[in-house]
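# Tertiary structure, described
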Amino acid sequence: MAYQNFNMDSHWLPFTPNRSFQKDPRVFVAADGMHFTTHDGRQVIDGISSLWCVGAGHNRREINEAIKKQLDTLDYSTAFNASNDKAFQAAERIAALAPGDLNKVLFCNSGSEAADTSLKVALAYHRARGEGQRNVFIGRERGYHGVGFGGMSVGGIPANRKAFGTALLPRVDHMRFIHDPLKTAYYNGEEPVWDEDLLAELENRILPLHDPSNVAAVIVEPVAGSAGWYVPPQGYLKRLREICDKHGILLIFDEVITGFGRMGTPFGADFYGVVPDMLNFAKCVTNGVIPLGGVICRQHVYDAVMDGSAKSPEHAIELFHGYTYSGHPVACAAALATLDVLRDENLFARAAQMGRVLGDAMHAALKDLPHVVSIRALGLAGAVELASLPGQPGKRAYDVFVECFHQGVLVRSAGDNLVLAPAYVVEPAQIEQMVGVLAAAVKKLA
Ligand SMILES: Cc1ncc(COP(=O)(O)O)c(C=O)c1O
């Protein structure tokens, strides 16, 4: 009999209501293609690419084989003062895929580490150029940049910050949230258009308050993923780029979710036609199979840090930062195989195509249901937002999530949003199934 002891004596689940989980455990024991097998032998379709990771679907033979081969060849090697061949190859491939002169890859292991890495590089960059006073970071309300102290500080999801307030970085500010529940609640395959200039606040209030000469970097997700798939207004990211350029401020895109195909393009930067100074990635780069993250820096960022060390002896380290597992050979082998699969199966284009199917299906099935206040679809992801139960924010969506799970579909609840973000290999009939189950659950719990 398979292991069934899910009493939680030893296991503390992250970002999970543990008490509720204990009463109704959701445990996976196998996965293939679009489906999981649960501990009690049921099939559950993965409607969220397992936290936006599994772009090419589960159990990809090519990726598994590459990992096994790498394990038998070079299992691990130190990351400091030496490297491995797969890290060089993976960096080359990732840099080649990234737009503009984003061409120096600094590896880490997760999106949280990528966030903190990029903030530290920003500080090092300014200091190297003689502008060490630039130490203010600007994020955005409802942004998510992981759970490290840096990422948490620039992040803007209140619940993630509430218990840790005294430990947040002091010199941080946040731009306004990019959603207008009255005017831009519904969109499908397009960028919302605002008649108001959402970035006037940055130019006219936030930057003057801190003085632009003190600001190190602005960090945003091109699309706010973890908060529930909120898309910026048309022209927002281009204008943000211009404002940063005007004031010598670095622009960091956190593409942990939008990177490697979710928008139907290699990166969100390609989708929006804006090249940031640093681009953070994780998740889909290895199809979620092995942890790997990184920051892709533009040439000038790297050059500044190197030039800053020009006067130090050649044996001196230029950037005092890195992780034991930066550029782990097995993770990099997985990344190389993943990039092959994404390219060979033309999966970015497929994500764009399936994104249209998903957006249409969500709008058709969900728009007129009780409590629905917003539906937002762009790229291969969509969210439906429900009015909160009075005094119980998040409960309505959580209950819908549980009901969907019992009906064989894994969706994601974020606040009172339900999000679908399937693998790029999803079939239209599977999208119909996911959306149908979601709609039935919303109706049932109305
Ligand atoms: C935009 C963004 N940044 C950072 C992170 C944190 O990544 P990780 O959980 O790998 O630390 C996430 C995770 O969902 C994310 O969506």
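Conventions adopted
Residues numbered from 1 in each chain as written. Predicted model: local features only at pLDDT ≥ 70, side-chain atom pairs only at ≥ 80, totals over all residues. Heavy atoms only, no water. Helix = DSSP H or I, 4+ residues; strand = E, 2+ residues; numbered from the N terminus. Buried < 20%, exposed > 50% of the residue type's maximum accessible area, 1.4 Å probe, protein only. Contact = heavy atoms within 4.5 Å. Areas by Shrake-Rupley, 256 points an atom, 1.4 Å probe, with all protein chains shown as cover. Lys, Arg positive; Asp, Glu negative; His and termini not counted. Charge placed at Lys NZ, Arg CZ, Asp CG, Glu CD. Pairing = 2+ DSSP bridges. Axes fitted to C-alpha atoms, helices over the stretch in contact; angles between N-to-C directions. Core = buried A, V, L, I, M, F, W, Y, C linked by side-chain atoms within 4.5 Å.

## Section: the overall build of the chain
Summing up its helical and strand segments, the chain has 15 helices and 16 strands in all. Considering only C-alpha atoms, the chain reaches an extent of 65 × 55 × 45 Å along its principal axes. In the chain, buried positions account for 54% of the 446 residues. Sequence-distant contacts, at least 24 apart, represent 72% of the contacts inside the chain between residues at least 6 apart. When the accessible surface of the chain is summed, it comes to about 19300 Å², and 54% of that surface belongs to carbon and sulfur atoms. Looking at charge distribution, the chain has the averaged site of its 41 positive side-chain charges lying 3 Å from that of its 48 negative ones.

## Side note on the environment of isoleucine 157
With respect to the helices and strands, isoleucine 157 occurs in the loop between helix 6 (149-154) and helix 7 (158-161). With 258 residues separating them in the primary sequence, isoleucine 157 and glycine 415 have C-alpha atoms 9.8 Å apart. Beyond its immediate sequence surroundings of up to four residues, isoleucine 157 is in contact with Arg142, Gly143, Tyr144, Ser226 and Ala227.

## Considerations on the sheet that holds strand 9 (residues 250-254)
Strand order in the open sheet formed by seven strands is 4-11-10-9-8-5-6, with mixed pairing between adjacent strands. The sheet terminates laterally at strand 4 (102-108) and strand 6 (172-175), the two strands that pair on one side only. The average angle at which neighbouring strand axes cross in this sheet is 20 degrees, direction not considered. Note: strand 8 (residues 215-220) against strand 9, four bridges, orientation parallel. Of the residues in strand 9, the one forming a bridge with valine 220 is phenylalanine 253. Against the sheet, helix 5 (residues 111-128) contacts strand 4, strand 5 (136-140), strand 8, strand 9, strand 10 (278-281) and strand 11 (293-298), and its axis sits at roughly 160 degrees relative to strand 10.

## Examining the nonpolar core
Among the nonpolar cores identified, the biggest contains 113 residues, and Phe107, Met175, Trp229 and Leu240 are the most heavily contacted of them. Ranked by residues supplied to this core, first place goes to helix 12 (residues 329-344) with ten residues. The next biggest cluster of nonpolar side chains, apart from the first, holds 21 residues, and it includes Cys108, Tyr125, Ile219 and Val295.

These figures capture arrangement, not role.
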